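Reading the structure
So you can see what is in the structure, the chains are spelled out below.
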Amino acid sequence: MIKDINDPIAKKSIKELLDLNWDHYNLYIVGGLIQGWETNDIDIAVTGPIINHDKFVDLIKKASRIDFIDIS
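The following paragraphs examine the structure supplied in this document. (Residues numbered from 1 in each chain as written. Predicted model: local features only at pLDDT ≥ 70, side-chain atom pairs only at ≥ 80, totals over all residues. Heavy atoms only, no water.)

What about helix α1 (residues 8-19)?
- Here α1 contains 12 residues, and its C-alpha end-to-end distance of 16 Å stays within 8% of the 16 Å for a straight helix at 1.5 Å per residue.
- Burial in α1 covers these residues: Ala10, Ser13, Ile14 and Leu17. Taken end-on, α1 shows its buried residues confined to a sector of 100°, consistent with a single buried face. Facing away from the buried side of α1 by more than 90 degrees, the exposed set consists of Pro8, Lys12, Lys15 and Asp19. (Helix = DSSP H or I, 4+ residues; strand = E, 2+ residues; numbered from the N terminus. Expected span 1.5 Å × (residues − 1). Buried < 20%, exposed > 50% of the residue type's maximum accessible area, 1.4 Å probe, protein only. Arc of directions from axis to C-beta.)

Description of the pattern of salt bridges
- Evaluated as defined, the whole model comprises five salt bridges.
- Note that Asp19 and Lys15 form a salt bridge whose closest N and O atoms lie 3.0 Å from each other. Here Asp19 and its partner Lys15 are both found in helix α1, four residues apart, which amounts to about one turn of the helix.
- Asp19 gets classed as exposed once you look at its relative accessible area, which sits at 55%. (Salt bridge = Lys/Arg side-chain N within 4 Å of Asp/Glu carboxyl O.)

Considering helix α3 (residues 53-64)
- Between the first and last C-alpha of α3 there are 16 Å, a value that for 12 residues agrees with the 16 Å anticipated at 1.5 Å per step.
- Along α3, the positions that sit buried rather than exposed are Phe56, Leu59, Ile60 and Ala63. The buried side chains of α3 occupy one side of the element, clustering within an arc of 95° when seen end-on. For α3, exposure combined with an orientation more than 90 degrees from the buried face picks out Asp54 and Lys61.
- Next to the buried residues of α3 lie α1, β2 (42-47) and β3 (69-71).
- With a side-chain oxygen positioned 3.2 Å from the backbone nitrogen of Asp54, the residue opening α3 is Asn52. (Contact = heavy atoms within 4.5 Å. Polar contact = N/O pair within 3.5 Å; in protein donor to acceptor, adjacent residues only side chain to side chain.)

Structure follows, in structure tokens:
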């Protein structure tokens, strides 16, 4: 279980996520983690225009492979 945004598991997963090249996209943490609930995943929302569909799909696939990341 991930307890809050300062949990070492959350920090590691978020760092891995941010290490990907997101260019002009914005990433937002949503859901239970920012509400202070114990959770099994880190919900991430991505916004921004999809300029290169293949690159976007590749980013989402890479992000989905990061432990505890649930991205949409």
